[in-house]
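Listed below are the residues making up each chain.
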Amino acid sequence: MPQSRGLPGPIAALDAFSDRLGKALSWLVLAMMAIQFLIVLLRYAFSVNSIPMQESVMYMHAMVFMLAAAYTLKHDGHVRVDIFYRAMTPRKKALVDLLGTLFLLLPVMLFVIATSLGYVGKSWAIFEGSPDAGGIPGVFLLKTLIPLFAALMLLQALAEACRQWLILTGRLDPECQDHDANEEHL
């Protein structure tokens, strides 16, 4: 788990926020599994079907996936397909990460926010609900996860960019960053 030791206050605060949010969201996975088990049990053992229960699993899955993405970024858990990165020095990795954040991650997240606000706004204007009878009347809340995801990713991306800048300028020891601690090596 990456440590926030030696980081300026705002970066450490963003890291702590991402950690707390990610750990809180991890409990939704357990709830999602229990509800899915109950759905299957009710359907096949008692021939009872519940659309709200089915949709609640979808809502929880969306929350876990969208809102925990910043936590995954903080812990360097996103999938990488690299040939050269693994063999790089910590400073070169910091440079690659900084450039990737500045020229890929930040622009894409800004694009997601810009293009989703109208979509989400229209959904809020009509308080869009489930298209299924008896479904959860909160599709507008589900769609709100899109710009919220991008905003959380932007905040964590800024923290990561600052962290990489501090490593590049020699103000942060790259060895105190355990991003690769859980990486599998073949």
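You'll find the structure just up there.
Given the structure is predicted, the values throughout are model-derived calculations rather than measurements.

### Some words on the side chain of aspartate 19
Step number 1: Mapping aspartate 19 onto the fold places it in helix α1 (residues 9-46).
Step number 2: When sequence neighbours within four positions are dropped, the list of residues in contact with aspartate 19 reads Tyr71, Lys74 and His75.

### A short note on the environment of alanine 94
Step number 1: Within the fold, alanine 94 resides in helix α4 (residues 90-125).
Step number 2: For alanine 94, a relative accessible area of 1% puts it in the buried group.
Step number 3: Measuring from C-alpha to C-alpha, the distance between alanine 94 and glutamate 160 comes to 9.5 Å, with 66 residues separating the pair along the chain.
Step number 4: The residues touching alanine 94, leaving out its near neighbours within four places in the chain, are Gln164, Ile167 and Leu168.

### Quick look at the pattern of salt bridges
Step number 1: Tallied over the full model, the rule gives four salt bridges.
Step number 2: Here aspartate 19 ties to lysine 74 by a salt bridge, and the two come within 3.3 Å at their closest N and O atoms. Taken together, the residues aspartate 19 in helix α1 and lysine 74 in helix α3 (residues 69-74) connect sequence positions 55 residues apart. Residue aspartate 19 shares its accessibility class with lysine 74, and that shared class is buried.
Step number 3: Linking glutamate 128 and lysine 143 is a salt bridge whose minimum nitrogen-to-oxygen distance equals 2.7 Å. Highlighted residues: glutamate 128 in the loop between α4 and α5 (139-168) and lysine 143 in helix α5, separated in sequence by 15 residues.
Step number 4: Glutamate 128 gets classed as partly exposed once you look at its relative accessible area, which sits at 22%.
Step number 5: A network of salt bridges, in which partner residues are shared, links Asp15, Glu160 and Arg163.

### Let's talk about the packing of α4 against α5
When two helices pack together, their arrangement is given by the angle between the helix axes and the distance between those axes.
Step number 1: It is at 8 Å that the axes of α4 and α5 come closest, and there the two elements cross at 160 degrees. Here α4 is positioned roughly antiparallel relative to α5, judged by the angle of their axes. The handedness of the crossing between α4 and α5 is left-handed.
Step number 2: The residue inventory of the contact of α4 with α5, partitioned by class, reads 30 nonpolar, five polar and three charged.

### Description of the environment of isoleucine 39
Step number 1: With respect to the secondary-structure elements, isoleucine 39 resides in helix α1.
Step number 2: Linking isoleucine 39 and threonine 72, residues 33 residues apart in sequence, is a C-alpha distance of 29 Å.
Step number 3: The residues contacting isoleucine 39, other than those within four sequence positions of it, are Met53, Gln54 and Val57.

### Description of the packing of aromatic side chains
Step number 1: Counted by the stated rule, this structure contains three aromatic pairs.
Step number 2: Residues tryptophan 124 and phenylalanine 140 carry aromatic rings whose centres are separated by 4.7 Å and whose planes lie at 75 degrees to one another, so their mutual orientation is edge-to-face. On the criterion of sequence distance, the pair formed by tryptophan 124 in helix α4 and phenylalanine 140 in helix α5 is long-range, its members being 16 residues apart.
Step number 3: Looking at phenylalanine 140, the relative accessible area reads 10%, which means it is buried.
Step number 4: Here phenylalanine 127 and phenylalanine 140 contribute two aromatic rings whose centre-to-centre distance is 5.2 Å and whose plane-to-plane angle is 80 degrees, an arrangement assigned as edge-to-face. Within this pair, whereas phenylalanine 127 is found in the loop between α4 and α5, its partner phenylalanine 140 is found in helix α5, the two being separated by 13 residues in sequence.
Step number 5: On the basis of relative accessible area, phenylalanine 127 is assigned to the exposed category, the value being 53%.
Step number 6: An aromatic cluster is present here, built from Trp124, Phe127 and Phe140 joined pairwise through their rings.

Conventions adopted
- Residues numbered from 1 in each chain as written.
- Predicted model: local features only at pLDDT ≥ 70, side-chain atom pairs only at ≥ 80, totals over all residues.
- Heavy atoms only, no water.
- Helix = DSSP H or I, 4+ residues; strand = E, 2+ residues; numbered from the N terminus.
- Contact = heavy atoms within 4.5 Å.
- Buried < 20%, exposed > 50% of the residue type's maximum accessible area, 1.4 Å probe, protein only.
- Salt bridge = Lys/Arg side-chain N within 4 Å of Asp/Glu carboxyl O.
- Axes fitted to C-alpha atoms, helices over the stretch in contact; angles between N-to-C directions.
- Parallel < 35°, antiparallel > 145°, perpendicular 65-115°, else oblique.
- Left-handed = near helix turned anticlockwise from the far one by under 90°.
- Nonpolar A, V, L, I, M, F, W, Y, C, P; charged D, E, K, R; others polar.
- Phe/Tyr/Trp six-rings, centres within 6.5 Å; stacked < 30°, edge-to-face > 60°.

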